[in-house]
Amino acid sequence: MAATAERLILASASTARARMLEAAGVAFTIEPAAIDEARIKTAAREAGQTGMACALSLAVEKARTVSQRHPDSLVIGADQILVAGSEWFDKPRDLGEARAQLQALCGRTHALATAVCVTRASERLWQATSQPELTMRQFTDAFLDRYIAEEGEALTGSVGAYRLEGRGVQLFARISGDHFAVLGMPLLELLDFLRDRGALLT
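As a starting point, this report considers the structure included with it. (Residues numbered from 1 in each chain as written. Predicted model: local features only at pLDDT ≥ 70, side-chain atom pairs only at ≥ 80, totals over all residues. Heavy atoms only, no water.)

### Brief notes about the pairing of strand 5 (residues 109–120)
Taken across its 12 residues, strand 5 has 10 buried, putting it largely inside the fold. Pairing geometry for strand 3 (residues 74–84) and strand 5, over nine bridges, is antiparallel. Across the sheet, the residue bridging to Ile 81 is Ala 113, located in strand 5. Bridge count for strand 5 against strand 6 (residues 123–130) is seven bridges, and the pairing is antiparallel. (Buried < 20%, exposed > 50% of the residue type's maximum accessible area, 1.4 Å probe, protein only. Helix = DSSP H or I, 4+ residues; strand = E, 2+ residues; numbered from the N terminus. Pairing = 2+ DSSP bridges.)

Take a look at the structure:
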């Protein structure tokens, strides 16, 4: 593990983000932030904000919420919104909704507005954004049936009902942009900040 001068906290329940940090050798603890995401998203839509602006607002709110309880720690907040045309997609609530999302995205290009920030004592120290674009191929109903059966409830844990690190990669014809951002966080930029901060060995 990399040595840390300041304690790092990930304010997210995302297993994908945790796995990225663990694989990179970063020592951290997890403390998901309880925020009203629906309220923030509704307010953003009513204000005419972009999906990226909303994703950043959510990331900052998560980090600040946890930062209030741990003012001496560096708190990482991150969020991601799937944007297809004028639609924003949330994590599906069940497999029926997962199917509907996949059918809506089939044959289309969508963007993953992805944001990460770091706070200390509720002050935003740093932020980064990335917006990879993904094009789903045209797939058959038979493929979709098998995909949902094989992935099961795991689909409800990912926006767009896919995990690129698993069978979900078979859904796509083309992917452009940062791979780590697709998984949920601009990791290279975050690691650069942590090194500059002295929180990771250089």
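From this point, things continue past the structure.
### Some details on the layout of surface pockets
For the largest pocket, the calculated volume is near 670 Å³. Surrounding the largest pocket, 30 residues form its lining, Ser 14, Lys 91, Gly 157, Ser 158 and Val 159 being those nearest its centre. Residue assignment for the lining of the largest pocket shows that the elements contributing at least two residues are helix 1 (15–23), helix 2 (37–46), strand 3 and helix 6 (179–183). The biggest single contributor to the lining of the largest pocket is helix 1, with four residues. Taken together, the residues of the lining of the largest pocket break down into 13 nonpolar, seven polar and 10 charged. (1 Å grid on protein atoms, 1.4 Å probe; cavity = no way out; pocket = protein on both sides within 12 Å on 5 of 7 lines; lining within 4 Å. Points joined across faces, edges and corners; volume = space filled by probe spheres on them. Nonpolar A, V, L, I, M, F, W, Y, C, P; charged D, E, K, R; others polar.)

### As for the packing of aromatic side chains
Counted under the stated rule, the structure contains four aromatic pairs. Aromatic pair Trp 126 and Phe 193: ring centres 5.2 Å apart, planes at 15°, arrangement stacked. Separated by 67 residues along the polypeptide, Trp 126 in strand 6 and Phe 193 in helix 7 (residues 187–197) bring together distant segments of the chain. Across the pair, Phe 193 and Trp 126 agree in class, each one buried. (Phe/Tyr/Trp six-rings, centres within 6.5 Å; stacked < 30°, edge-to-face > 60°.)

### Things to note about the pairing of strand 3
The element strand 3 is largely enclosed, with a buried count of 11 among its 11 residues. Of the two faces of strand 3, the one lined by Leu 74, Ile 76, Ala 78, Gln 80, Leu 82 and Ala 84 and the one lined by Val 75, Gly 77, Asp 79, Ile 81 and Val 83 are each fully buried. Note: strand 1 (residues 8–10) against strand 3, three bridges, orientation parallel. Bridged to Leu 8 within strand 3 is Leu 74. Linkage of strand 3 to strand 4 (residues 87–89), two consecutive antiparallel strands, is achieved through a turn of two residues, within which Gly 85 is found at a positive phi near 65°.

### Side note on the nonpolar core
Leu 21, Leu 102, Tyr 162, Leu 171 and Met 185 are the most contacted members of the largest nonpolar core, which totals 46 residues. Once residues lying within four places of it in the same chain are set aside, the contact partners of Met 185 are Arg 17, Met 20, Leu 21, Ile 76, Ala 78, Thr 114, Val 116, Asp 178, Phe 180 and Leu 190. Ala 11, Val 75, Ile 81 and Ala 115 belong to the second-largest nonpolar core, a separate cluster that totals 20 residues. (Core = buried A, V, L, I, M, F, W, Y, C linked by side-chain atoms within 4.5 Å. Contact = heavy atoms within 4.5 Å.)

### Overview of the environment of Leu 187
With respect to the element layout, Leu 187 can be found in helix 7. Sequence separation between Leu 187 and Arg 17 is 170 residues; the distance between their C-alpha atoms is 8.9 Å. Excluding anything up to four places from it in sequence, Leu 187 contacts Met 20, Leu 21, Asp 178 and Phe 180.

### Comments concerning the environment of Gly 198
Tracing the sequence through the fold places Gly 198 in the segment after helix 7. For Gly 198, a relative accessible area of 35% translates into the label partly exposed. Taking C-alpha positions, Gly 198 is 8.2 Å from Glu 6, a pair spaced 192 residues apart along the chain.

### Some remarks on unusual backbone geometry
Phi at Ser 122 takes a positive value of approximately 70°, unusual for a residue other than glycine. Its identity is not glycine, yet Ala 161 carries a phi of approximately 65°, on the positive side. By the element assignment, Ala 161 lies in the loop between helix 5 (141–151) and strand 8 (172–176). We classify Ala 161 as buried; its relative accessible area is 0%.

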